[in-house]
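Close look at the chain arrangement
Residue-level listing of the chains:
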Amino acid sequence: MAGLTRSDVEHVAYLARLGLSAAELDVLEGQLNHILDQYAKLAELDTSAIPPTAQTIELENILRDDVVTPSLPVEAVLGNAPARSGDFVLVPPILGGE
Amino acid sequence: MTDPTRLFGHEMAARLRAGDVSSRELTGAHLASAERQNHALNAWLTIDRDRALAEADAADARLAEARVAGPAALAALHPLLGLPVALKDLVSVKGGQCTAGSRILEGYVAPYDAHVTERLRAAGAVILGKTNMDEFAMGSSTEHSAFGPTANPWDLDRVPGGSSGGSAAAVAAYHVPFGIGTDTGGSIRQPGALSGIVGMKPTYGRVSRYGIVAFASSLDQIGPLTRDVRDAGALLHAVAGRDERDSTSAPVAVPDDLISLPDSDDEAASWLEGKRLGLPKEYFVAGMEPGVETAVRNAVAALEAAGARIEEVSLPHTDYGLATYYIVAPAEASANLARYDGVRYGHSVRLEGGDFIADYLATRGEGFGAEVKRRIMLGTYALSAGYYDAFYLKAQKVRTLIKRDFDEVFAAGFDGLVAPTSPTVAFPFGARLADPVAMYLSDACTLPVNIAGLPGVSIPCGLSDGLPVGLQLIGDAWSEARLLRAARAYEGVTAGAAWRRVEPAGLAAADDPSTLPPAERAAAIH
């Protein structure tokens, strides 16, 4: 498996929305490649006929009655918001402009 | 009377009922030792003295009522009533902090109680505070906490294991008889082993995770850390069971056998007669310390001498566990941790210029520590276009093979598997920080159990150069009662062993106000 280049590491950091310093990127490039080397071990196994396991207990179609229950108090929830306007969380603009 | 903090939880419960001690006295004694030693151990991120004493008074009121009502009312009281509990700082307690060991959640106040918190409150337990942990439970040493490392009570220059290292150290140092941890790849069992206590990861789905900060959703489980097996059973019994707010919590009955483990050591030991225990040969790996191997082999010999039939078994895909885990867990973590965007709660950076992507990059770049960033990077890469099949899907297929290994052994009629919990005893601060793979190998013997979703328990089985060694018992799904029965049997067999009476060697130093905090000790070692 090909290793990660410095620009791959930068791209993945951007995808993950992690702002990393040049020093952090340097360290990660080496460490991630070392860890990816361990992953290569899995290629030893032929898994073409093996189904994937996403979870280990066989639970399906977990349903509950659709009943009205109290929501959390607005103050308790909004108390954690970094910025608010009245009873709303103030979010950064995502469409540009004012 | 002797120091009540040295008792097991079930002994404290008996003295509460007999009126020999009050919950306020018990809670006060535990608070005093936690507050006295925390500068040296850093096991606790918060200790809530006022709330704990109020809860203790409420428990004393219930005890007084029951005493008036008579023996039946006393017997009907919950086993945890009035007893101090530590919660790992990823369990929500309404109105309190819940950092998950991360700067990104510093200042966050939980608006509701987790399911386990509700259960403990209903039981009348006394929540003493919140304990230190590796950030977002990613780590095996508690050195990845944003709030400094925790010291091992057995040797203050060593780690207590992790990620539930704060709860493990608090239980080992007699600050509480009960600790709650979470285990995604070994984070209850490995610190249990390294701190010389009992730690159990239940079957996936046994305990509702409502109100717990998520790490890897197909692996995370909540479980007990205690100083003996009966206490582990009582704590698990209190928090287990179906909760509709966590759709992965299973509608499987919680056996009352968890709270009726035998008190008599002889009766406990007699259970072993004729039981079949498997010894997975792949767990006795190169790299295991000789002192660990000796202690584990001695434990196996003791089980055999008590009547168990020990047979070597093979779990042939064990060696693939590490790579499988370090794809699945980071992938799930990268998705779960996407929620920390600095918009609704937690650390937030809003830069001038109105570029919201730049805000995310800065918020997350500042808020997460190095190990969390590493795992998010791994997971994002493993899930990214073009690599999903090669990494994530491949790992899920190997997960099937690892699970089948266990299924086949249990289908052959084994009552449980016996293995080491950790290949080494507690290691010094800094020993594995520079090499992530060396740190990941700390969990080589525990993470296959999470991959397969099975229950596992680590119990003390001796000392190696004065440091505790853990014996791991692994069971089939939903077999916690049998597993704890086996663990209790081992306690019975070794009840007279000298190592059982050795107290953690670092406690005297932890009592000394001039002892340096773990962060400074760690810095001095580097």
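Given the structure is predicted, the values throughout are model-derived calculations rather than measurements. (Residues numbered from 1 in each chain as written. Chains lettered and ligands numbered in written order. Predicted model: local features only at pLDDT ≥ 70, side-chain atom pairs only at ≥ 80, totals over all residues.)

1. Thoughts on the sheet that holds strand E1 (residues 44-47) of chain B
Residue and element names in this part refer to chain B.
- Pairing in this open sheet of 11 strands is mixed, and the strands run E1-E3-E2-E4-E6-E5-E10-E11-E9-E7-E8 from one edge to the other. The outermost strands of the open sheet, each flanked by one partner alone, are E1 and strand E8 (309-313). Averaged over all pairs of adjacent strands, the angle between their axes in this sheet comes to 30°, without regard to strand direction.
- Judged from the five bridges that link them, strand E2 (residues 84-88) and strand E3 (residues 126-131) form a sheet pairing that is parallel. Bridged to Leu-87 within E3 is Lys-130.
- With respect to the sheet, helix H8 (residues 229-239) is in contact with strand E4 (178-183), strand E5 (198-201), strand E6 (221-226) and strand E10 (456-464), its orientation differing from that of E6 by roughly 145°. (Pairing = 2+ DSSP bridges. Helix = DSSP H or I, 4+ residues; strand = E, 2+ residues; numbered from the N terminus. Axes fitted to C-alpha atoms, helices over the stretch in contact; angles between N-to-C directions. Contact = placed C-beta atoms within 7 Å.)

2. Side note on the nonpolar core
- In terms of nonpolar packing, the biggest core is built from 178 residues, with B:Val85, B:Leu128 and B:Ile327 touching the most fellow members.
- In terms of residue count, helix H11 (residues 321-336) of chain B provides more of this core than any other element does, nine residues in total.
- Ignoring anything within four residues of it in the chain, the contact list for B:Ile327 reads A:Tyr39, B:Ala382, B:Phe391, B:Tyr392 and B:Ala395. (Core = buried A, V, L, I, M, F, W, Y, C linked by C-beta atoms within 7 Å. Buried ≥ 20, exposed ≤ 12 C-beta atoms within 10 Å, placed from the backbone.)

3. A word on the interface of chain B and chain A
- Taken together, the contact pairs 56 residues of chain B with 42 residues of chain A.
- Elements represented by at least two residues in the side of chain B that touches chain A include exactly H11, helix H12 (356-367), helix H13 (370-383), helix H14 (389-411) and helix H15 (436-440) of chain B.
- With 11 residues, H14(B) is the largest single contributor of residues to the side of chain B that touches chain A.
- The residue inventory of the side of chain B that touches chain A, partitioned by class, reads 30 nonpolar, 15 polar and 11 charged. (Nonpolar A, V, L, I, M, F, W, Y, C, P; charged D, E, K, R; others polar.)

4. Brief notes about unusual backbone geometry
Residues and elements named next belong to chain B.
- The omega angle of the peptide bond from Gly-162 to Ser-163 is 15°, so this bond is cis rather than trans.
- Mapping Ser-163 onto the fold places it in the loop between E3 and helix H6 (165-172).
- The phi dihedral of Thr-142 is positive, around 65°, even though this residue is not glycine.
- On the secondary structure map, Thr-142 appears in the loop between E3 and H6.
- Since 35 C-beta atoms lie within 10 Å of it, Thr-142 is described here as buried.
- The phi torsion at Trp-478 lies on the positive side, around 65°, for a residue other than glycine.
- Within the fold, Trp-478 resides in the loop between strand E11 (467-474) and helix H17 (480-493).

5. Here we look at the confidence of the model for chain B
- Averaged over every residue, the pLDDT of chain B is 97; the share at 70 or more is 100%.
- Overall fold confidence (pTM) sits at 0.97, and the ipTM for the predicted complex is 0.95. (pLDDT = per-residue confidence, 0-100.)

6. Describing the environment of B:Ala302
Residue and element names in this part refer to chain B.
- The topology assignment puts Ala-302 in helix H10 (residues 290-305).
- According to the C-beta neighbour criterion, Ala-302 is partly exposed, with 19 such atoms within 10 Å.
- Residues Ala-302 and Tyr-490 lie 188 residues apart in sequence; the distance between their C-alpha atoms is 8.0 Å.
- Not counting the four nearest positions on each side in its chain, Ala-302 is found in contact with Val-493 and Thr-494.

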